[in-house]
Amino acid sequence: MEIRFYNSLTKQRELFESLRLGVVSMYSCGPTVYDLAHIGNFRTFLFGDLLRRFLELVGYRVDHVMNITDVGHMTDGEEDRMTQAASRMKENKKTGRVAEGAVANPDDPYQIAEYYTQAFLSDARKLGYKIAFEYPQRVPKATDHIDGMQEMIGELIKRGHAYVAEDGVVYYSVESFPEYGRLSGNTLENLQSGAGGRVSDENQSRKRHPADFMLWKPDQHHIMKWASPWGVGYPGWHIECSVMARKLLKRDVIDIHTGGEDLIFPHHECEIAQSCGVTGSRRFANFWLHARFLFVNGEKMSKSKGTFYTARDVFEGRVTGNPVHPAVLRYELTKAHYRTNLDFSEKGLMDSGMAVRRLIEKRQSLEQLTNGQSAEVDLTHPLLAQFAAALADDLNIAEALAIVNQFARTDHRDPHEALGVWKKINSVLAIAPITEGLLDESDSGGGQDDAMRQAEEWCRELDAARRDKNYSRADELRKLIQDTGFEVRTGKEGTTIQRALM
RNA sequence: GGCGUUGUGGCCGAAUGGCUAGGCAGCGGAUUGCAAAUCCGUCCAUGGCGGUUCGAUUCCGCCCGACGCCUCCA
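A. A look at the overall build of chain A. Looking only at helices and strands, chain A features 16 helices and 15 strands. Burial analysis of chain A (502 residues in total) assigns 53% to the buried set. Of the roughly 23000 Å² of accessible surface on chain A, a fraction of 47% belongs to carbon and sulfur atoms.

B. Region of the structure containing the pattern of salt bridges. Tallied over the full model, the rule gives 35 salt bridges. A salt bridge links Glu114 to Lys141; its shortest N-O distance comes to 3.2 Å. With Glu114 in helix 3 (residues 109-126) and Lys141 in the loop between helix 3 and helix 4 (146-158), the pair connects residues that are 27 residues apart, well separated along the chain. Residue Glu114 is classed as partly exposed on the basis of its relative accessible area, which comes to 32%. Glu487 is paired through a salt bridge with Arg357; the nearest N and O atoms lie 2.4 Å apart. Highlighted residues: Glu487 in strand 14 (residues 486-491) and Arg357 in helix 11 (residues 346-370), separated in sequence by 130 residues.

C. Fine view of the protein's contact with RNA strand B. In the neighbourhood of RNA strand B, 50 residues make up the surrounding shell, with Arg81, Trp237, Gly260, Asp351 and Arg478 lying closest. Sugar and phosphate atoms form 64% of the subset of RNA strand B atoms that lie within 4 Å of the protein. In this structure, Lys300 approaches RNA strand B through a side-chain N or O atom, which is 2.8 Å from a phosphate oxygen. Contact distances for RNA strand B include 2.5 Å between a base oxygen and a side-chain N or O atom of Arg478. The set of elements that each furnish at least two residues to the surface near RNA strand B consists of helix 1 (39-57), helix 5 (188-194), strand 9 (254-260), strand 11 (294-296), helix 11, helix 13 (397-408), helix 16 (471-483) and strand 14. Grouping the constituent residues of the surface near RNA strand B by class yields 16 nonpolar, 15 polar and 19 charged.

D. Seen up close, the sheet that holds strand 4 (residues 61-66). The 4 strands are arranged 4-3-9-10 in an open sheet whose pairing can be described as parallel. Whereas interior strands pair on both sides, the edge strands pair on one side only; in this sheet they are strand 4 and strand 10 (285-291). Within the sheet, the average angular offset between the axes of one strand and its neighbour, ignoring direction, is 20 degrees. With 3 bridges connecting them, strand 3 (residues 23-28) and strand 9 associate as parallel partners.

Cut-offs used in this document
Residues numbered from 1 in each chain as written. Chains lettered and ligands numbered in written order. Predicted model: local features only at pLDDT ≥ 70, side-chain atom pairs only at ≥ 80, totals over all residues. Heavy atoms only, no water. Helix = DSSP H or I, 4+ residues; strand = E, 2+ residues; numbered from the N terminus. Buried < 20%, exposed > 50% of the residue type's maximum accessible area, 1.4 Å probe, protein only. Areas by Shrake-Rupley, 256 points an atom, 1.4 Å probe, with all protein chains shown as cover. Salt bridge = Lys/Arg side-chain N within 4 Å of Asp/Glu carboxyl O. Near = heavy atom within 4 Å. Polar contact = N/O pair within 3.5 Å; in protein donor to acceptor, adjacent residues only side chain to side chain. Nonpolar A, V, L, I, M, F, W, Y, C, P; charged D, E, K, R; others polar. Pairing = 2+ DSSP bridges. Axes fitted to C-alpha atoms, helices over the stretch in contact; angles between N-to-C directions.

On their own, these measurements won't tell you what the molecule is for.
What follows is the structure, encoded as structure tokens:
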């Protein structure tokens, strides 16, 4: 099968071929853990997940790594992000947003990082993000790789790509790397002219070139600091990815690197400079795939406008007024092509809810017809071939979903085969159920069994009331069941319920 | 200013040099005590102006609009 992806590095669709037969090495830029991840973050992460699942569908083994950035990097003129997180955490504990015992000492950045790491992993697992189930093996933390960073910085100095400035800061010399700017379409001249303003002149004058970026900063007062040949301090914010990608993927050149579009410059541009500088390879990643931003109601998410939603805001009903099943959010965040600005809205979420319900019920009806016995199918099956071909075209998810929808409304001559097809499709979409093969689905409804039993009881009462033509009682009971969070259906065999998805 | 993306029906969102996915919503009907779900049917589109062509939404040119990055940011 011919797979084509839009490669940010060459700015065109290219035929994808892995460097090694049957194996794809892939690195995704992961979350920073000084706050909860928001739905925009997850849009990007789930795009990476979709990409990985597609590659697995067509037969690759995907060696996937995603980092956790737990070093709180300095922002010019402001507090360190970990310091900011600490004061936020104290505030949240006061207001009860964060449970009292959750973080014993908010002034310990490692505790803050641990708290948000676990929060991230929990949300990510609910959303079926595969790599979150591979923590910690494939999900390294930056603070565990400080030694590796120092090694790489030392190597870069040795090779003439980095230098120690008079203030003791180690900078990467962009002029030493002719390819610098290729990914972002920048030239050193452009960068130079655009560099005025924000960055203090005093700082700039110590660099050889205004675009030179920091690799190590000696700073005794930083909240997180480590000893190094260049003094006690902390690493620059690009070096961790170069180091961890190489260490965990065990390759100088990897197949795919993913991230949000905003990371193209400077983050990924700098990663390329560092990695190629140290390995001498022409490329760091063969393919760079970037997801565009998620919008909310047509605009970039904004804290001041109250459109800054975390995943758990959605799950817990703070966005729509009702709890939303993770499968619905996953569908909503992955249903649009990754290189378009997906617009998140309540209506979109509702649409996704309907779509997900239909797909879940399709799965259930196939399970019933077959007693769960599915036939083995492979990509030669015409429907799967179409599905895979759609995704092979730069992850054309909309066309793939069109195919799935057609499938969902077909009556199948061979339900065993249909279930087999469905399982393959679901291995990519991960919707019905969302964590198939990853964890026990019943976990997601934890603690609600009593509510389920109660609702079932009401169903029998409702049936009795209908038999007696006591319709006011029947309507009352239906209302009651719905308010408990279930959808009510009246069929020939009596009343049945489904847990509401949103 | 530089680099890049994008403009399809009420909404989301594909595809294509001629026969124009899919979903949601709407409308009509079947079903129903009512409702939900389901099923059947149905309305609605290619930003503007030129050009190439027998024929363009698709190719070319210009114009208009939207968006991102260039600075911490998925």
